[in-house]
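Secondary and tertiary structure notes
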Amino acid sequence: MTEALLSVRGLVKDFHGRGIGGSRQAVRAVDDVSFDVFPGEALGLVGESGSGKTTIGRLIVRLEEPTSGRVELRGQDVRGLSGRQLLAYRRDVQMIFQNTQGAFNPRRTVRSVLTDPYRIHGLASGPELDSRIANLMRRVGLSPDMLDRYPQQFSGGQRQRIGIARALSLEPALVVADEPVSALDVSVQAQVLNLFADLRRELGLSMLFISHDLRAVYFLCERIAVLYLGRLVEIGPRRTLLEHPAHPYTRALVGSIPAFRPGGGFTREVIRGEISDSGPVTTGCHFAPRCKLWRELGQPSRCTQERPPLRPVTGGGVLAACHFADVPPDGTPEVADTVAGRAGGPA
Ligand SMILES: Nc1ncnc2c1ncn2[C@@H]1O[C@H](COP(=O)(O)OP(=O)(O)O)[C@@H](O)[C@H]1O
Ligand code: SF4
Ligand SMILES: [Mg+2]
């Protein structure tokens, strides 16, 4: 079996903020999350706003320190790194951010932005540096003639291309892209997603691609991980996960995108409530307050008392954190039933 490039194990991150009435309140933004990213693979991380996606990205690139758990690159715990090893890690793992407006100093030209990584790491200078930077610009679909312009002279999509160029400059082993197309116009989103796909093909890039948009993740990634309130609720190969979603939350997410439903024509299933309605669930399943299956099953106490572990379900390499993931969904027809039925599976 291939060794993982990145391994996240039991990652926990608590933030301490002010609650109602000024009382100190801890928010568990990331709650015992584990996953791997394999060499050359893109893993998509999806979830609603506030589910902890950005925090996981920041923990991986060490912009935050975990409360507990660990991040490993090629089997080495990154927590203990310092000096030269930390510098090497910062070269190996790069992050691309959503906000292209705030990502650059407006007083510095693109040339100076792209020169920085080489200067900091002492990797190239003179004509070699000029030629590398020109190549980077071409690789992300921009003309080297634009190098002496300032970031604000570019469109949002072009600025994101510069962000990608900066992230790629040091030939990283892993790119963490946090909602890199979410702030862009829809037509530009497709162009930038295509650029990511091209770069993956050309460079064999490994990625953690963070998005709230299941379609973007499906387009770009081999595997998908679904996050709900800081917990991983399902992870697996993209096709299996979308055609046979096992966790009620994933089923609802997939059900809200009619284009994903083979055959179409199903009623659109909308997840009831908001993420904030879930309240501070400390025991059991975080999703219970919004879970259709829980209601259909007569609100079993197991769901509110026992945290469901991530476990293999439905075959095909999918893991899901639901006590009842094996119970066939009732009511709204699900993709899983339909596809299996048509393929001649057991009635
Ligand atoms: N620096 C911080 N201080 C306090 N709370 C934070 C901080 N960063 C994130 N959070 C909280 O952690 C949770 C997850 O946030 P985030 O990782 O940004 O989610 P996402 O990227 O999925 O929208 C949210 O409840 C958010 O308010
Ligand atoms: S464990 Fe229970 S509440 Fe949680 S998703 Fe499964 S059925 Fe719903
Ligand atoms: Mg975010």
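1. As for the site of ligand 1
- In the region of ligand 1, the neighbouring residues are Phe 15, Val 27, Ala 29, Glu 48, Ser 49, Gly 50, Ser 51, Gly 52, Lys 53, Thr 54 and Thr 55.
- Gly 52 places a main-chain nitrogen or oxygen 3.0 Å from an oxygen atom of ligand 1.
- Between ligand 1 and Lys 53, the relevant distance is 2.8 Å, taken from an oxygen atom to a side-chain nitrogen or oxygen of the residue.
- Of all elements in the fold, only β2 (24–37) and α1 (53–60) reach the threshold of two or more residues within the shell around ligand 1.
- Counting residues per element, the shell around ligand 1 draws most heavily on α1, at 3 residues.
- Looking at the shell around ligand 1 residue by residue, the classes come out as 3 nonpolar, 6 polar and 2 charged.

2. Focus on the environment of Val 12
- For Val 12, the location among the structural elements is in strand β1 (residues 6–18).
- Here the alpha-carbon distance between Val 12 and Val 33, two residues 21 residues apart in the chain, equals 6.9 Å.
- Setting aside residues no more than four positions away along its own chain, Val 12 makes contact with Arg 28, Val 30, Asp 32, Pro 66, Thr 67 and Ser 68.

3. Remarks on the pattern of salt bridges
- With the rule as written, the count across this model stands at 25 salt bridges.
- As a salt-bridge pair, Lys 13 and Glu 64 come within 3.9 Å of each other at their nearest N and O atoms. Of this pair, Lys 13 sits in strand β1 while Glu 64 sits in the loop between α1 and β4 (68–73), placing them 51 residues apart in sequence.
- Judged by its relative accessible area of 11%, Lys 13 is buried.
- We note a salt bridge from Glu 202 to Arg 139, for which the minimum N-O separation is 3.6 Å. A residue pair is termed long-range when its members are at least 10 positions apart, and Glu 202 in helix α6 (residues 186–203) and Arg 139 in helix α4 (residues 126–139) qualify at 63 residues.
- On the accessibility criterion, Arg 139 (41% relative accessible area) is partly exposed.
- Connected through salt bridges with shared partners, the residues Lys 13, Arg 58 and Glu 64 form a single ionic network.

What counts and how
Per chain, residues are indexed from 1 in the order of the written sequence. To read the labels, note that chains go from A and ligands from 1, taken in the order they are written. A pLDDT threshold of at least 70 governs which residues receive local features in this predicted model, and a stricter bar of 80 or more applies before side-chain atom pairs are shown or counted, although totals over entire chains, interfaces and linings include all residues. Note: side-chain values were computed over all heavy atoms of the structure, leaving out hydrogens and water. When we say a residue is near a molecule or strand, we mean one of its heavy atoms is within 4 Å of it. Nitrogen and oxygen atoms within 3.5 Å of one another constitute a polar contact, given that in protein one can donate a hydrogen and the other can accept it, and given that sequence-neighbouring residues count only through two side-chain atoms. Secondary structure elements are defined from DSSP: runs of H or I of at least 4 residues count as helices, runs of E of at least 2 residues count as strands, and each element is numbered from the N terminus. Gly is put with the polar residues, along with every residue not named as nonpolar or charged; the nonpolar set is Ala, Val, Leu, Ile, Met, Phe, Trp, Tyr, Cys and Pro, and the charged set is Asp, Glu, Lys and Arg. Every residue pair with non-hydrogen atoms within 4.5 Å of one another is taken to be in contact. The rule for a salt bridge is simple: a side-chain nitrogen of Lys or Arg has to be within 4 Å of a carboxyl oxygen of Asp or Glu. The cut-offs for exposure are 20% and 50% of the maximum accessible area for each residue type, with area from a 1.4 Å probe on protein chains only; residues under the lower value are buried, those over the upper are exposed, and the others partly exposed.

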